[in-house]
Structure formats: structure tokens, C-alpha cells
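Each chain, written out:
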Amino acid sequence: MYKKIFESTSIGMAIVSKDGKIIEANRFLSDKLGYETTQFSDFYLKDVCLHRDCKNILAHFVQIYEGTKSEFEVMANLVKNDGTTNVYRVKATRLENEMGETESIILVFNDLSSQAKYKNELKRERTIVEAMMNNLPDSVFFKDLKGKFTKVNKALLIKHGFNTEDEIIGKTDFDLFDYEHAKEAFNAEQSVIRTLKELAGYREREDWPDGRISWSLTSRLPLIEDGEVIGTFGVSRNVTDTVLAEEEVKLTLEELKAVNANKDKFFSIISHDLKSPFNGLLGITEILDSDYDELSLEEIKEMIQVLRNLSVNVYDLLDGLLQWAQTQTGIMEYNFENFDIYEKGENVLELLSVNAKSKNILLQNNIKLNSDVFADVKSVETILRNLISNAIKFTQPQGIIKLESEINEKEIYISVIDTGIGMSEKNRSKLFKIEEHHTTIGTNNEVGSGVGLILCKELVEKNGGKIWVESELGKGSKFSFTLPLFNKVKTDSN
């Protein structure tokens, strides 16, 4: 029975004497090492075992024969017939004779080479997985059935401000995010666990306890082991910049739609305003053509005066429209330089002095001398010309129009103040708006289009300023705009 067990067992066995001679080895061990069983009768342990391991085993033999131990277990490398080695776990037990003395020792050999190989492969795969996870820019996470983190990668640690996995393992989204977002994430995970269906590539908003908001493109999948769901795992990519860019593009498109709609309305208004003077021009020229011989010199002179006024109005309208169009298309060139705004005010007042004298209006330049600004000269001249021309239109004869200035640390305030008819709050609110059409007949029946003020707003803003109006019906108006001071611009650039 002993012999049958010894020979048929699927584990290596050998009986060895005190000095390490192999008395007998079973077939399983001989097959493992590539020898015939009969060959072992001439072998010692040193013939099939690495020297250091054999020395260790024999040292334990001494202790067994001395009676200080009855068995032992060590690891040893056995040498096969082809010269290769395998790792074995060697367990030794003493065999007694009838007198109870140690007669020999039986060694049992468990081949660990396949187990060691499996461990090495597992270690290698783990190293590869760890390297992949920690070099991914996306956050990777594993969670248990309760939503607790069990494994995360480096990117997720950085995202949440942690240094090691120990700081996050065992936590849930409720420990990291705002409650509402954590609740949504938990519900999504529970749905994955119940249905075993992945949630792939969905965008989620992440609300943080400190008020920050970020966006992620997340996929969540069930984590299955031996046919049972043990949790979830997922990948999350930060798409905050993409979402913000999309929102900015969307906002820009909406603004462009609004601007285009306003421009369409504006051109509709302009086309209407152009028809009126042209109808007048066509009507008068038709009368002059058909009834010239029947008209008196006085009537012809009056019609020519009307033609001139209509032509001036059309020219002013078209000129303002052309300049405004240039600001919109980028055709207009701006040359920013240092100049004295007082001198430009003087030039424009002199240019418009004839118009003012025709209504006996007094023009005053009270801008402080040597007020250097940094702006485009042509733009500023156009702004002053439009504002002063409007003031002349809506100021009664014997009125006064003044240019005033005020300087602070950053900019200069230029104001065109008149003693004209003023305007109501309702009409004030319509100024500078392209979508609003507001014109008023001047004190000498002058006609305006509203294009001039829209152009002024564009040019003031191009020069880094702002424009506004203060007015009260019957008490005149005050149009003001700002320009950057030259010294301030120079200081900032330095």
C-alpha cells in the first residue's frame, strides 16, 4: 500500500539518507526532472539541487537527526536533466525505525514554477495597466456597489488635489462634489449596476463645493467578476474649455443675428429717408422742366433753393452712411496719435461758423489749452463736426453752443452744450441705437437722419471712449464723449 501511494501520487517524493543520498524517488519526480527512476539510486541531493539550496536542506537534516525538529519546509531550485531549473517547495518529514530513531527522511516536492510564472505574468500585466492608467490624461476610476472609490489613476488624483490613492479610496462623490451633482452621478452608477448597460460618452456638469463649475465627458460601465456585478468603472475627460468655447460661439452667433437684424432695420429706415428727398428733387425738377416758361424768376429761385437744401440733406445722409459703413466693414483706417483737442475744436468751429452765423448763434471753445489726447484725428473731427452740426440745427437764433472739457487721471471729457430745444426722455432713449429711428426737424426746418449720432458712437468706441447725452425738453442738450489722455496712454505702455 505504501509503495502504491508512493508511486501513484501526482507529487514529487523522495527518500533521502542523512548524508543526502537519494535512496528512492517516485515516478512523478523522475518525470519532472527528466530522469529514469533507476538513475536516482546513484544520485545525491547535490546532483539534482543547486548547491546553496542543497547545503540549506542538509543543515536542516542535522537538526532532525539531532532531534531538535521533526520536520521543516524550504524553497529550493531543482536541476533538470537538460540543465534548466524549477522552483519547488520542499517539505521534509523524518521516517522512524522500530526503535523510534530517525532512519531516513522523506521529501515532498511541490513544483512552483507555473505558479511563479503566473505571478510574474500577473505582475507584468499589473505594471502595464498601472502605466497605462497613470499616463492617461483622462480620469479613470473604479467603485464598489456603494459608489466608494476602490482604484483611481494619477489624473483623477490631480483633478481633486490629492497626492496618493489612500486619500481618496473609500470616499464617494458626495465627499468631493456639490450634493446635487454627487446625487446625479450616484444615480447614474446605480442604473448601470441594475441594467448592466453602459452609459457611454455623456456630458455632465460638475459642481464643486467652492462654487466652481466644470464639464466632463464621462463613460460608466458595470464591473463584473465571475458573472457578478461588483461595482462600476469609468473614464472621465475634462471638456470645460470645449463647452465654454461652444457657449461663446453660441453667444456670438446670437449677437451677430441681433446685429444683422438691427442693420437690416437700419437700412430699411435709410432707404425710406432717401426716398423722401429724392421724391422732392424729382418733383421740383419735373416742374422746372415742364413749366419753366410759365414760372417767374422768383418762383424759379425758390425752387432752386429747395433743390439745394434737398441735395445737401441727401449728401449729408449718404456721407454719414458711407462713413458708418466703413467702420462696419473694416475699410476705415485709424491712425492713433498725440494731438491737442483744443486745436481740433477750433478748426471744426471755424468750419461750421457760416452755418452758425446764418442763425446768429454764438460758438465758444472752452476746452482747456494743451489738452493732449491719443486718438485718431479724422475720427475726432467727424465726431465734433456731427455733434456741433446737430447743435446748430436744434438751437434757436441768438443761441449759444459751447465746447467744454474736464480732465481726470485717465481721460478727458469733451462736451458739446447748446441752448436749443432739448428733447424728452423718450427721445433720448432712442439715440445712438441702430435699431431705433429718431429724427427731429431743426429750428429752421433742417432735416436730420439719425445716422450722424450712430456714426459718432462707433467712432468714439473705436477710440476707446464712450458717449452719452443729457437733455431736457426746452432747456437744451449736452452731448459728451471721452478720449484717453496721451500721457496716460504713454505711461501705461511704458
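Thresholds, definitions, all that
- Residues numbered from 1 in each chain as written.
- Predicted model: local features only at pLDDT ≥ 70, side-chain atom pairs only at ≥ 80, totals over all residues.
- Heavy atoms only, no water.
- Phe/Tyr/Trp six-rings, centres within 6.5 Å; stacked < 30°, edge-to-face > 60°.
- Lys NZ or Arg CZ within 6 Å of the ring centre and 35° of its normal.
- Pairing = 2+ DSSP bridges.
- Helix = DSSP H or I, 4+ residues; strand = E, 2+ residues; numbered from the N terminus.
- Axes fitted to C-alpha atoms, helices over the stretch in contact; angles between N-to-C directions.
- Contact = heavy atoms within 4.5 Å.
- Salt bridge = Lys/Arg side-chain N within 4 Å of Asp/Glu carboxyl O.
- Buried < 20%, exposed > 50% of the residue type's maximum accessible area, 1.4 Å probe, protein only.
- Patch = residues over 30% accessible without salt bridge, like charges linked within 9 Å, V, L, I, M, F, W, Y side chains within 5 Å.
- Areas by Shrake-Rupley, 256 points an atom, 1.4 Å probe, with all protein chains shown as cover.
- Lys, Arg positive; Asp, Glu negative; His and termini not counted.
- Charge placed at Lys NZ, Arg CZ, Asp CG, Glu CD.
- Parallel < 35°, antiparallel > 145°, perpendicular 65-115°, else oblique.
- Left-handed = near helix turned anticlockwise from the far one by under 90°.
- Nonpolar A, V, L, I, M, F, W, Y, C, P; charged D, E, K, R; others polar.

A.B. asks: Help me out: how do you make sense of the packing of aromatic side chains in this one?
C.D. replies: Note on aromatic pairs: each is described by the distance of the centres and the angle between the planes. Following the criterion strictly, the structure yields 14 aromatic pairs and no others. Relative to Y179, the ring of F174 has its centre 5.6 Å away and its plane inclined at 45 degrees; by these criteria the two rings are tilted. Members of the aromatic cluster, each reached through a chain of ring pairs, are Y334, F336, F374 and F486. Here the guanidinium or amino end of R212 rests over the ring plane of W208, the centre of that ring lying 4.3 Å away. Here the basic side chain of K466 rests over the ring of W468, its NZ or CZ set 6.0 Å away from the ring centre.

A.B. asks: Just checking my understanding: could you explain the sheet that holds strand β2 (residues 22–25) for this structure?
C.D. replies: Adjacent strands of a sheet pair through backbone hydrogen bonds, lying either parallel or antiparallel. Here we have five strands laid out as an open sheet, ordered β2-β1-β5-β4-β3, and antiparallel in their pairing. Of all strands in the sheet, those bounded by a partner on one side alone are β2 and β3 (71–79). Neighbour-to-neighbour, the strand axes of the sheet open up by a mean angle of 30 degrees, direction not taken into account. Its contacts with the sheet put helix α4 (residues 51–66) on β1 (12–16), β3, β4 (85–96) and β5 (102–111), and the angle it makes with β3 is roughly 155 degrees.

A.B. asks: What is the right way to read the pattern of salt bridges from this model?
C.D. replies: A pair can form between side chains of opposite charge whenever their charged atoms are brought close. Within this structure, the stated rule accounts for 20 salt bridges. Salt-bridge contacts for E73 lead to R89; the nearest nitrogen and oxygen are separated by 3.4 Å. Taken as a pair, E73 in strand β3 and R89 in strand β4 lie far apart in primary sequence, 16 residues in all. A relative accessible area of 48% places E73 in the partly exposed class. With a relative accessible area of 29%, R89 lands in the partly exposed category. Its salt-bridge partner being K475, residue E472 comes within 3.5 Å of it at the nearest N-O pair. By relative accessible area, which is 46% here, E472 ends up partly exposed. In this structure K475 comes out as exposed when scored by relative accessible area, which is 61%. Taken together, the shared-partner salt bridges connect K143, D173, E189, E204 and R220 into one network.

A.B. asks: Could you clarify how one ought to interpret the sheet that holds strand β12 (residues 362–365) in this entry?
C.D. replies: The five strands lie next to each other as β12-β14-β15-β17-β16, forming an open sheet whose pairing is mixed. The open sheet terminates on both sides in strands that have one partner only, identified here as β12 and β16 (467–471). In this sheet, adjacent strand axes meet at a mean angle of 20 degrees when their direction is disregarded.

A.B. asks: So what exactly am I meant to see when it comes to unusual backbone geometry here?
C.D. replies: In terms of backbone geometry, most residues other than glycine have negative phi values and most peptide bonds are trans. Residues other than glycine seldom take positive phi values, yet D226 does so here, at roughly 50 degrees. Residue placement: D226 occurs in the loop between β9 (213–225) and β10 (228–238). Positive phi is not limited to glycine here, since Q398 has a value of about 70 degrees. Its place among the elements puts Q398 in the loop between α12 (377–393) and β14 (400–407).

A.B. asks: Sorry if this is basic, but what is going on with the environment of E343 here?
C.D. replies: Relative to the helices and strands, E343 resides in helix α10 (residues 341–351). In this structure, the C-alpha to C-alpha distance between E343 and L369, residues 26 residues apart in sequence, is 8.2 Å.

A.B. asks: Where do I start with a negative patch on the surface in this structure?
C.D. replies: The grouping of E343, E346, E350 and D372 at the surface amounts to a negative patch. Counting residues per element, the negative patch draws most heavily on α10, which supplies three residues. Looking at the element boundaries, E350 is found in helix α10.

A.B. asks: Where do I start with the packing of α10 against α12 in this structure?
C.D. replies: Their axes nearest at 10 Å, the elements α10 and α12 cross at an angle of 45 degrees. On the basis of their axis angle, the class for α10 and α12 is oblique. Crossing hand, α10 versus α12: right-handed. Along its contact with α10, which presents I341, K344, G345, V348, L349 and L351, the element α12 presents V377, V380, E381, L384, R385 and I388. The residue inventory of the contact of α10 with α12, partitioned by class, reads eight nonpolar, one polar and three charged.

Distances and angles like these do not, on their own, reveal function.
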